[in-house]
Amino acid sequence: MPSKLQNARLEYQPKIPKILESLATASVAPSGNDAVSKEIADIFPRTCHQPYLVIGVGAKRDHHPLRVGVVLSGGQAPGGHNVISGLFDALKTLNPKSTLMGFLGGPSGIVGDKTLEITHKLVDKYRNMGGFDMIGSGRTKIETDEQFSKAEAVMRKHELDGLVVVGGDDSNTNAALLAEYFLSKGCKTCVVGVPKTIDGDLKSDEIECSFGFDTAAKTYAATVGSMMRDALSAKKYYYFIKLMGRSASHLALECALQTHPNITLISEEVAADKKTLAAIVDDICDVVLRRADLGKDYGVIVIPEGLIEFIPEVKILIEELNAILSPSKDHAAAIEKIASRNDKMDYAARLLGEGSRKCFRSLPEDIQGQLLIGRDAHGNVQVSKIETERMLIDMVKSALKQRQELGTYKGKFDTQPHFCGYEGRSCMPSNFDSAYCYALGRVAALLLDAGATGYLCTVSRLVEPAEQWQGGGVPLTSLMNIEKRHGSDKPVIKKALVDLKGGAFGMLKQNRDKWALEDDYVDPGPLQYFGPEAIMDAPTMTLELEQKK
Ligand code: FBP
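Residues numbered from 1 in each chain as written. Predicted model: local features only at pLDDT ≥ 70, side-chain atom pairs only at ≥ 80, totals over all residues. Heavy atoms only, no water.

A closer look at empty space enclosed by the protein
At step 1: The final tally for this structure, using the stated rule, is 2 cavities of 30 Å³ or more.
At step 2: In this model, the largest cavity occupies a volume close to 80 Å³.
At step 3: Those elements that place two or more of their residues in the lining of the largest cavity are α4 (107–111) and α7 (169–184).
At step 4: A breakdown of the residues in the lining of the largest cavity according to their chemical character gives 7 nonpolar, 6 polar and 1 charged.
At step 5: There is about 50 Å³ of room inside the second largest cavity.
At step 6: When its residues are assigned to classes, the lining of the second largest cavity shows 3 nonpolar, 4 polar and 3 charged.
At step 7: Residue assignment places the lining of the second largest cavity across two domains, with domain 1 (28–212 + 429–493) and domain 2 (217–424 + 502–522 + 533–543) each supplying three or more. (1 Å grid on protein atoms, 1.4 Å probe; cavity = no way out; pocket = protein on both sides within 12 Å on 5 of 7 lines; lining within 4 Å. Points joined across faces, edges and corners; volume = space filled by probe spheres on them. Helix = DSSP H or I, 4+ residues; strand = E, 2+ residues; numbered from the N terminus. Nonpolar A, V, L, I, M, F, W, Y, C, P; charged D, E, K, R; others polar. Domains from an automatic or database assignment.)

Here's the deal with the pattern of salt bridges
At step 1: Here the structure, examined in full by the defined rule, presents 29 salt bridges.
At step 2: When the shortest N-O distance is used, the salt bridge between Asp-537 and Lys-15 registers 2.7 Å. Of this pair, Asp-537 sits in the loop between α20 (533–536) and α21 (541–547) while Lys-15 is found in the loop between α1 (4–11) and β1 (26–30), placing the two residues 522 residues apart along the sequence.
At step 3: The partner of Asp-124 in a salt bridge is Arg-127, with the nearest N and O atoms 2.8 Å apart.
At step 4: Connected via shared salt-bridge partners are Lys-15, Glu-533 and Asp-537. (Salt bridge = Lys/Arg side-chain N within 4 Å of Asp/Glu carboxyl O.)

A few points about the domain arrangement of the chain
At step 1: Taken as a whole, the chain is organised into domain 1 (28–212 + 429–493) and domain 2 (217–424 + 502–522 + 533–543).
At step 2: Taken together, the contact between domain 1 and domain 2 spans 18 residues of the former and 20 residues of the latter.
At step 3: Contact between domain 1 and domain 2 buries roughly 1700 Å² in total, counting both sides, with carbon and sulfur atoms accounting for 57%.
At step 4: Across the domain 1-domain 2 interface, the total number found is 0 salt bridges.
At step 5: Where domain 1 packs against domain 2, one counts 2 residue pairs in polar contact (both at pLDDT 80 or more). (Contact = heavy atoms within 4.5 Å. Buried area = accessible area lost by both parts, 1.4 Å probe. Polar contact = N/O pair within 3.5 Å; in protein donor to acceptor, adjacent residues only side chain to side chain.)

Here we look at the site of the ligand
At step 1: By nearness alone, 13 residues border the ligand, and Gly-75, Asp-199, Glu-305, Tyr-422 and Arg-425 come closest of all.
At step 2: A distance of 3.1 Å separates an oxygen atom of the ligand from a polar side-chain atom of Lys-196.
At step 3: Within the contact set of the ligand, an oxygen atom lies 3.4 Å away from a backbone nitrogen or oxygen of Arg-246.
At step 4: Its free accessible area being 490 Å², the ligand has 87% of it covered by the protein chains. (Near = heavy atom within 4 Å. Areas by Shrake-Rupley, 256 points an atom, 1.4 Å probe, with all protein chains shown as cover.)

Concerning the pairing of strand β3 (residues 67–72)
At step 1: Counted residue by residue, β3 has 5 buried out of 6 residues, so it is predominantly covered.
At step 2: The parallel pair β3 and strand β4 (residues 99–103) is bridged by helix α3 (residues 80–94), and the resulting crossover is right-handed.
At step 3: Where β3 lies against strand β6 (residues 162–167), 5 bridges are found, and the strand directions are parallel. Within the sheet, the bridge partner assigned to Val-68 lies in β6 and is Gly-162. (Buried < 20%, exposed > 50% of the residue type's maximum accessible area, 1.4 Å probe, protein only. Right-handed = clockwise from strand over helix to strand, strands pointing away. Pairing = 2+ DSSP bridges.)

Points about the layout of surface pockets
At step 1: Volume-wise, the largest pocket comes out at about 1300 Å³.
At step 2: Around the largest pocket, the lining is made up of 40 residues, and of these Glu-309, Asn-322, Gly-379, Asn-380 and Val-381 lie nearest the centre.
At step 3: Counting residues per element, the ones that place at least two in the lining of the largest pocket are α12 (312–325), α13 (331–337) and β14 (480–485).
At step 4: The element best represented in the lining of the largest pocket is α12, accounting for 6 residues.
At step 5: In terms of residue class, the lining of the largest pocket is made up of 15 nonpolar, 11 polar and 14 charged.
At step 6: Two domains each provide a minimum of three residues to the lining of the largest pocket, namely domain 1 (28–212 + 429–493) and domain 2 (217–424 + 502–522 + 533–543).

The structure is reproduced here in structure tokens:
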């Protein structure tokens with residue numbers, strides 16, 4: 001049964017950009033090309049060298065009915081249902097005979113032909129709702145010849161004119177490969193992607209942010225802000241808060257800008273400065289000591305989820321473990337079969353080089369065990385399962401003990417670990433994400449109606465009021481580069497990490513000495529869905545600092 005707030009949100013109409021209001025007169029026009037590397041052009045001969053697309057106003061014309069499929073891929077992100085409702089409403093407006101079907105459970109629903117017809121009644125149950133539960137999601141990667149040919153057969157069976165892939169960098173890499181494959185087989189299905197991920201690392205000059213980032217950042221910032229009030233009130237704990245965001249530290253950075261923690265670790269900076277784990281622990285201890293001198297035995301420390309992968313010696317260790325756990329070897333299965341955690345760790349340690357073995361063994365045992373958890377279908381370490389916040393607490397505790405023994409630290413150090421994760425990626429979308437996703441759905445319909453394939457939908461000028469946003473498409477191949485995956489070169493969409501020369505990081509850098517010692521905490525409070533526009537519709541600070549250059 002929907003809650004009172006859910007009922008109010010089901011009725012809520014997201015703002016629609018002016019340019020996307022009248023679909024009947026919307027036009028899709030080319031707007032300049034980008035150069036792609038020879039390697040990418042060789043892999044995508046049919047979809048490389050396509051122009052950027054921009055949505056404008058054209059002459060009113062008739063639109064043929066379209067048969068479209070949509071798939072939600074990867075981790076949930078607030079707003080996914082609004083992409084579907086925006087797409088559905090737009091398809092029906094362009095031609096009421098158009099149909100939309102959902103592939104169930106992510107890309108595996110495409111190869112397994114698991115579908116659900118999306119109807120008015122169904123869409124109306126999910127408008128502005130969180131989660132991906134209307135059709136589900138999954139992390140299956142379409143990579144084998146058999147999977148590609150099954151996907152083609154399913155497209156042909158359902159006579160789909162278009163497929164919308166709502167996903168992050170890995171899923172949209174898949175979208176690009178499918179677009180190219182369908183063209184090569186003479187299959188009429190056009191493929192367009194929609195930039196989704198709370199992590200915020202799918203962005204470029206044209207993609208100002210991925211959807212879900214806004215809501216997740218505001219949800220986590222609310223928690224961080226509340227914990228700051230707790231710290232100020234009880235004055236007895238250090239809160240070590242890990243924030244979701246697999247690789248990039250965008251969520252940690254955005255929350256830091258919104259709340260001003262005493263310490264914010266940024267993985268990209270750790271990597272750039274080649275900071276060892278010991279050096280990170282030392283830095284934390286220094287702040288704890290300086291605060292203790294001021295009589296403050298409390299504080300808030302924000303840790304990005306992916307930190308561990310950016311610490312140079314741990315990065316090498318993880319690369320070695322990835323090779324050991326690779327599906328092409330038998331070790332993963334062998335480790336799985338070993339009953340005791342210690343024996344599993346011993347098995348893995350024996351296979352590591354000397355340096356990595358030392359590093360592995362220096363980590364708390366829980367972390368050693370967590371590093372052996374299987375990789376996802378795209379080869380990613382499941383960092384959400386690695387308790388970095390607890391690891392740092394353990395290590396800081398023992399480093400402070402040594403300082404106590406030397407007489408350099410006389411404070412008290414009591415801690416609370418916390419993980420802000422899954423709650424931020426399935427909650428009801430903010431007004432920003434509701435409008436952004438609804439607009440992305442409309443753009444997807446227009447691109448498919450124009451016969452575009454191999455594109456990622458864009459909605460830009462996001463720091464302006466929603467009425468002024470613009471729509472378009474960016475060729476997926478223009479976002480790609482070649483990276484080593486499982487030991488071989490693969491085309492992938494480049495992850496956008498925190499720009500250490502950018503305005504958002506600059507703001508943190510400029511203030512962090514002050515924030516370390518002074519309690520300059522800001523409590524943004526919970527995400528607001530109704531109320532003054534300045535509070536409800538405000539974009540993230542990252543977006544403001546990046547776009548209002
Ligand atoms: P996507 O990259 O697919 O959007 O997923 C993001 C994310 O929420 C990460 O922040 C997190 O590390 C990961 O998914 C968790 O994955 P899982 O759902 O498999 O636990």
